[in-house]
Amino acid sequence: MNKDVHFNSTFEPALVQEMHQFGEIKNFKEGDIIIDYGKYIRMMPLIIKGTIKVLRKDENDKEILLYYLSSNESCSMAYSCCVEAKKSEVKAVAEEDVELLAIPHIKLDEWLCRYPSWKNYIMRSFNERFLELLKSIESIAFHKLDERLIDYLKEKQRLSGSAVVKASHHIIADELATSRVVVSRLLKQLENDGKLILYRNEIKLMNGFN
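Starting afresh in each chain, residues are numbered from 1 along the sequence in its written order. In view of the model being predicted, local features appear only for residues whose pLDDT reaches at least 70, and side-chain atom pairs are presented and counted only at 80 or more, with totals across whole chains, interfaces and linings using the full set of residues. As a convention, hydrogens and water are excluded, and side-chain values are obtained from all of the structure's heavy atoms.

**Structural notes on the sheet that holds strand β9 (residues 196-199)**
Next up, step 1: Pairing between two strands requires that DSSP report at least two bridges joining them. The numbering of helices and of strands both runs from the N terminus, where a helix is a DSSP run of H or I of at least 4 residues and a strand a run of E of at least 2. As summarised here, the arrangement of the three strands in space is β8-β10-β9, forming an open sheet in which the pairing is antiparallel. Two strands close off the open sheet at either side, each with one partner strand: β8 (164-166) and β9. Taking each pair of neighbouring strands and ignoring which way they run, the sheet shows an average axis angle of 20 degrees.
Next up, step 2: As paired strands, β8 and strand β10 (residues 202-205) are joined by three bridges and run antiparallel to one another. Bridging from a neighbouring strand, K166 pairs with E202 of β10.
Next up, step 3: Contacts are residue-level and defined by heavy atoms, with any inter-residue pair within 4.5 Å sufficient. Lines fitted to C-alpha atoms define the axes, with helix axes restricted to the stretch in contact, and inter-axis angles between N-to-C directions lie between 0 and 180 degrees. Sitting on the sheet, helix α8 (residues 180-192) touches β9 and β10, and the angle it makes with β9 is about 130 degrees.

As structure tokens, then:
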């Protein structure tokens, strides 16, 4: 895929040229681990196609979903780890087949000084991820689980552009930091209400799902 399709409208032509020169196109299959806990990160991913989910472990080693990343977005935590040369505290997993541009860590600070569009992109990325984290904290702290489940399914639908959400009850439970039994009960109630149809590892959202 041509990187220019995604980046010409965001970055200066000279920066896009350097992206061609120094960046590397990488492809990942659904379920592949792109960034893992405790590993040094030598590149910052800019997503060209697909969706990545970013997770973090709590004090009990239970994984919690932090946010999703899609086309033309990047992981601010990866940027921070690259610049500070520290080990990752998050895991990034391909939610579906992913194509990304891997930016080498040695270019991150250099571009920050040379290209205003890169500085704006990084600052905007940090701000967007921060707001998403605040939204996640608010959801966990103040919203009931059934509301969080509905919001989760809506976000999956928005990212995929499809009314069919591909996820097992176990995966949903893990990402919402709850039990599979509770998720299955809530999904069955939504099915009884005519909001969705349950299949094996798939959920079809009906028109007007809310």
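**Describing the packing of helix α2 (residues 13-22) against helix α4 (residues 105-114)**
Next up, step 1: Relative to each other, α2 and α4 sit at 170 degrees, their axes nearing to 12 Å. One finds that α2 runs roughly antiparallel with respect to α4. Of the residues in α4, those touching α2 at L15, E18, M19 and F22 are K107, E110, W111 and R114.
Next up, step 2: Charged residues are taken to be Asp, Glu, Lys and Arg, nonpolar residues to be Ala, Val, Leu, Ile, Met, Phe, Trp, Tyr, Cys and Pro, and polar residues to be all remaining types, Gly included. Partitioned by chemical class, the residues of the contact of α2 with α4 number four nonpolar, no polar and four charged. Angles below 35 degrees are treated as roughly parallel, those above 145 as roughly antiparallel, those between 65 and 115 as roughly perpendicular, and all remaining angles as oblique.

**What to know about unusual backbone geometry**
Next up, step 1: Residue A85 is not a glycine yet carries a positive backbone phi of 55 degrees.
Next up, step 2: You can see A85 is positioned in the loop between α3 (76-84) and β6 (91-94).
Next up, step 3: Overall, the relative accessible area of 48% leaves A85 in the partly exposed class.
Next up, step 4: Positioned with a positive phi, N201 is a non-glycine residue whose angle comes to about 60 degrees.
Next up, step 5: Examined against the element boundaries, N201 turns out to sit in the loop between β9 and β10.
Next up, step 6: Judged by relative accessible area, N201 falls into the partly exposed class, the value being 44%. The buried label goes to any residue with under 20% of its type's maximum accessible area, the exposed label to any with over 50%, and the partly exposed label to all in between, with areas taken from a 1.4 Å probe on protein chains only.

**Things to note about the pattern of salt bridges**
For side chains of opposite charge, pairing can occur when their charged atoms come near one another.
Next up, step 1: Note on definitions: salt bridges are taken to be side-chain nitrogens of Lys or Arg within 4 Å of carboxyl oxygens of Asp or Glu. Summed over all chains, the structure comprises 15 salt bridges.
Next up, step 2: With a shortest N-O distance of 2.9 Å, E132 and R129 are connected by a salt bridge. One end of the pair, E132, and the other, R129, are both in helix α5 (residues 116-142), three residues apart, so they sit about a helical turn from each other.
Next up, step 3: Since its relative accessible area comes to 24%, E132 is described here as partly exposed.
Next up, step 4: Two residues, K188 and E191, come together in a salt bridge whose shortest N-O distance is 3.0 Å.

**A few points about the confidence of the model for the protein**
Next up, step 1: The score called pLDDT rates the predictor's confidence residue by residue, from a low of 0 to a high of 100. Taken as a whole, the protein shows an average pLDDT of 86; of its residues, 94% reach a score of 70 or greater.
Next up, step 2: The secondary structure element of the protein with the lowest average pLDDT is helix α1 (residues 4-7), at 58, and the one with the highest is strand β1 (residues 24-28), at 95.

**Observations regarding a nonpolar patch on the surface**
Next up, step 1: A surface patch of nonpolar side chains, amounting to about 390 Å² of accessible area, comprises F130, L131, L134 and I137.
Next up, step 2: With respect to the helices, strands and loops of the structure, F130 is situated in helix α5.
Next up, step 3: Overall, the relative accessible area of 48% leaves F130 in the partly exposed class. Two joining distances apply to patches: 9 Å for like charges and 5 Å for nonpolar side chains (Val, Leu, Ile, Met, Phe, Trp, Tyr), and every residue must have over 30% relative accessible area and no salt bridge. Using a 1.4 Å probe, accessible areas were evaluated by the Shrake-Rupley method; residue-level cover was limited to the displayed protein chains.

**Some thoughts on the nonpolar core**
Next up, step 1: We define a nonpolar core as any set of buried Ala, Val, Leu, Ile, Met, Phe, Trp, Tyr and Cys residues linked to one another through side-chain atoms lying within 4.5 Å. Ranked by internal contacts, the top residues of the largest apolar core, which has 38 residues, are F11, M19, I34, L46, I52, V54 and W118.
Next up, step 2: Those residues within four positions of L46 in sequence are excluded, and the remaining contacts are F7, F11, M19, E73, S74, L100, L101, I103, W118 and Y121.
Next up, step 3: Judged by nonpolar contacts, the second largest core, of 21 residues, contains L145, L149, L176 and I203.

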